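Fold and geometry: a report
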Amino acid sequence: MAETPGTDFDIVVLGGGSGGYAAALRAAQLGQNVALIEADKLGGTCLHYGCVPTKALLHAAEVADNVREGHQFGVNATFDSIDMNGVNAYKANVVNGLYKGLQGLIKSRKITVVEGYGKLVGPNAVEVNGQKYTGKHVILATGSYSRSLPGLAIEGRVMTSEHALAMDYVPKSAIVLGGGVIGCEFASVWKSFGTDVTIIEGLPHLVPNEDEAISKALERAFRKRGITFNLGDLFDGVTQDDNGVHVTLKSGKTFDAEVMLVAIGRGPRTADLGYEAQGIRMDRGFVLTDERLHTGVGNIWAVGDIVPGLQLAHRGFAQGIFVAEQILGLNPAPIVESGIPRVTYSEPEIASVGLTENHAKEKFGDDNVETLDYNLAGNGKSKILNTQGFIKLVRQKDGPVVGVHMIGSRVGELVGEGQLIVNWEAYPEDVASLIHAHPTQNEALGEAFLALAGKPLHAHN
């Protein structure tokens, strides 16, 4: 006879995305009886509607560019067309493989998965489909949704990233509203697929959260690729008809295209989930916590995109693991937000960790910050890949490196060493003495640190 799982648990996790499932896995590993409640699919936005499928599209875009540009490397190849059904089948295959693996992992740890829409109904209880599940601890991990602007309806030719990921055709032209990470990634994909792309960004730069030198470099690279953008001008309205979308900005400028992607960021998914009723402090929909991610109410914790800060899957993973260990008394070190690596997977890629030059100057004073730029033109592997860009290091004067900022093809793969350097508060001399393999792009980091330590090898001083 099949045993019916009980409804009393050590830990109840509301939300099975990056933060929620990481918390559930770690807690189960530490011997806890865990319920994981998810209304859609385990893996959440990141696996099904965000990071993973987007990066699959970006890889297809890279392949398209490689074919188109093959003659530069003596490879005569002809670019024919993009088969979106084929691209989507490849993307689905990647997602489904990871999804099956995750389901197997959850099952192997004996975590009880509850399918349905959960609501917090007490300081220790979540209700799903009329059934209450209680836990000594409750972890809120309900994630985020694609935001829109007041009065801007998502319908027809006006879409969010979820709709854009499911498209079965390549638009002839597209307007991307928002020049942040998501907007720049989709602009990059569509351009590689042959779309005429225009980005509309209200702030003065693309990827405005990055170091200004990196933002300017991306703008130059996008200009060179034929991606147009309009900066420092706010969106006013859009109409649509059989011919496409017609966008007006506050300045009176107008733009026309086949479709418009709204990529203005993500909002916390916390409405009507019973959080306020339990006395949880909220700010514009976000759940406020202390540095240990406790909400201040009973034994309720919060992780991931609902907690103010960077909305990144790997931040969610880290916070989920942190809370599970915190509950079990392992006293983990609080997560430092600036130490979380950030990557924009456009062409060229951007990777950064730590403080920008401006933030470092705000923190330490203008005279107490030093920077160094190392151009990838001097790096053999980057030359082979035919990519341009640079690595910018930001350090406290006579102190540790507090920021590593990079732009160029594939630099996302270098951010691992960057985050070790920043989080371990390395001095330039510490890194300069490490040997970096030749010829790799990773070597560019080594060269940058040699230069910052005052002994440049392949760099002009």
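The structure contained in this document is the topic of the report that follows. For every chain, the first residue of its written sequence is number 1, and the numbers climb from 1 along that sequence. In keeping with the predicted nature of the model, local features appear solely for residues at pLDDT of at least 70, side-chain atom pairs appear and are counted solely at 80 or more, and the whole-chain, interface and lining totals rest on all residues. To get the side-chain values, take all heavy atoms of the structure and skip hydrogens and water.

A closer look at the sheet that holds strand 22 (residues 369-375)
In plain terms, the rule: One requirement defines pairing of two strands: DSSP has to find at least two bridges between them. Helix and strand definitions here come from DSSP, where helices need a minimum of 4 consecutive H or I residues and strands a minimum of 2 consecutive E residues; each element is numbered from the N-terminal end. Where helices are involved, their axes are fitted lines through C-alpha atoms of the stretch in contact, as for all axes, and angles between N-to-C directions lie from 0 to 180°.
Across the sheet, five strands lie side by side as 20-21-24-23-22; this open sheet has antiparallel pairing. Pairing within the sheet leaves two strands with one partner each, and these edge strands are strand 20 (342-344) and strand 22. If you compare each strand with its neighbour and ignore which way they point, the axes differ by 10 degrees on average. One ladder, built from six bridges, connects strand 23 (residues 390-396) with strand 24 (residues 401-408); its direction is antiparallel. Its bridge partner lying in strand 24, K392 is registered against H405.

Side note on the side chain of T356
The cut-off we apply is this: Between N or O atoms, a polar contact is any pair within 3.5 Å; within protein, one atom must be a potential hydrogen donor and the other a potential acceptor, and residues adjacent in sequence are included only when both atoms are from side chains. The contact definition used throughout considers only heavy atoms, calling two residues in contact when any of these lie within 4.5 Å.
Its place among the elements puts T356 in the loop between strand 21 (349-354) and helix 9 (357-364). At 3.1 Å, the side chain of T356 forms a polar contact with the backbone nitrogen of H359. When neighbours within four sequence positions are excluded, T356 is seen to be in contact with N209, E210, D211, V394 and H405.

Thoughts on the pattern of salt bridges
How we decide: Salt bridges are defined as contacts in which a side-chain nitrogen from Lys or Arg sits within 4 Å of a carboxyl oxygen from Asp or Glu.
Enumeration according to the criterion identifies 14 salt bridges in this entry. Here D10 makes a salt bridge to K136, at a shortest N to O gap of 2.7 Å. Highlighted residues: D10 in strand 1 (residues 8-14) and K136 in strand 6 (residues 131-140), separated in sequence by 126 residues. If you follow the salt bridges from partner to partner, you end up with D211, E357, K361 and K392 in one network.

Some details on helix 6 (residues 181-193)
Because an α-helix packs 3.6 residues into every turn, residues spaced three or four apart end up facing the same way. As a reminder of what qualifies: In a helix, the anticipated span is given by 1.5 Å times the number of residues less one. Each residue's exposure class comes from its accessible area (1.4 Å probe, protein chains only) as a fraction of the maximum for that residue type: buried when under 20%, exposed when over 50%, partly exposed otherwise.
Look at helix 6: 19 Å from first C-alpha to last across 13 residues, which is about the 18 Å you get at 1.5 Å a residue. Across the 13 residues of helix 6, ten count as buried, placing the element largely inside the fold. Considered for burial, the residues of helix 6 that qualify are G183, C184, E185, F186, A187, S188, V189, W190, S192 and F193. Where helix 6 ends, the next residue or the one after it, G194, has phi of about 105 degrees, a positive value.

Regarding the sheet that holds strand 14 (residues 254-257)
Strand order in the open sheet formed by three strands is 12-13-14, with antiparallel pairing between adjacent strands. Single-partner strands in this sheet number two, and they are strand 12 (235-241) and strand 14. The average undirected angle you get between the axes of adjacent strands in this sheet is 20 degrees. Looking at chain direction, strand 12 and strand 13 (residues 244-249) are connected through six bridges and run antiparallel. Bridging from a neighbouring strand, G237 pairs with T248 of strand 13.

Brief notes about the environment of Q278
Here Q278 lies in the loop between strand 16 (266-268) and strand 17 (282-283). Not counting the four nearest positions on each side in its chain, Q278 is found in contact with L120, V121, G122, P123 and V297. For Q278, the side chain forms a polar contact with the main-chain oxygen of V121, separated by 3.4 Å.

Details of the nonpolar core
Where a protein is soluble and globular, its nonpolar side chains tend to be buried together. Selection criterion: By nonpolar core we mean a set of buried residues, namely Ala, Val, Leu, Ile, Met, Phe, Trp, Tyr and Cys, connected to one another through side-chain atoms within 4.5 Å.
In terms of nonpolar packing, the biggest core is built from 47 residues, with I139, L140 and Y275 touching the most fellow members. Elements with a contribution of two residues or more to this core: strand 1, helix 1 (18-29), strand 2 (34-38), helix 4 (84-108), strand 5 (125-128), strand 6, strand 19 (300-302) and helix 8 (313-327). Here the element with the most residues in this core is helix 1; it accounts for six residues. For I139, the contacting residues outside a window of four places in its chain are I11, V12, V13, L14, A23, W301, V303, V323 and I327. Formed by 34 residues, the second largest nonpolar core is a distinct cluster that contains V87, A164, I227 and A263.

Here we look at unusual backbone geometry
E347 connects to P348 through a cis peptide bond whose omega is 5 degrees. Of note, the amide linkage connecting H438 to P439 takes the cis form, showing an omega dihedral of -5 degrees. Along the chain, the position of P439 falls in the loop between helix 12 (428-432) and helix 13 (442-452). You will see that N129, though not glycine, has its phi angle at about 50 degrees, which is positive. Tracing the chain through its elements places N129 in the loop between strand 5 and strand 6. For N129, a relative accessible area of 66% corresponds to the exposed category.

Some remarks on a nonpolar patch on the surface
Condition: Nonpolar side chains (Val, Leu, Ile, Met, Phe, Trp, Tyr) within 5 Å and like charges within 9 Å form the patches, drawn only from residues with over 30% relative accessible area and no salt bridge. Computed with a 1.4 Å probe, the accessible areas rest on the Shrake-Rupley method; for each residue, only the protein chains presented here act as cover.
Together, Y90, V94 and L98 make up a nonpolar patch on the protein surface, roughly 230 Å² of accessible area in all. Mapped onto the fold, Y90 is located in helix 4.

Some words on the packing of aromatic side chains
Note the cut-off: Ring geometry is summarised as follows: Phe, Tyr and Trp rings, the Trp one being its six-membered ring, pair when their centres sit within 6.5 Å, and such pairs are stacked at plane angles under 30 degrees, edge-to-face over 60 and tilted between the two. Remark: a charge is flagged as sitting over a ring if the NZ atom of Lys or the CZ atom of Arg is within 6 Å of the ring centre and within 35 degrees of the ring normal.
Scanning all chains against the criterion turns up three aromatic pairs. Measuring from ring centre to ring centre gives 6.5 Å for F9 and Y133, while their planes differ by 35 degrees; the resulting arrangement is tilted. Linking F9 in strand 1 with Y133 in strand 6, this pair joins segments that are 124 residues apart in sequence. Each member of the pair F9 and Y133 is classed as buried. Its end group placed over the ring of F79, R68 keeps NZ or CZ at 4.4 Å from the ring centre.

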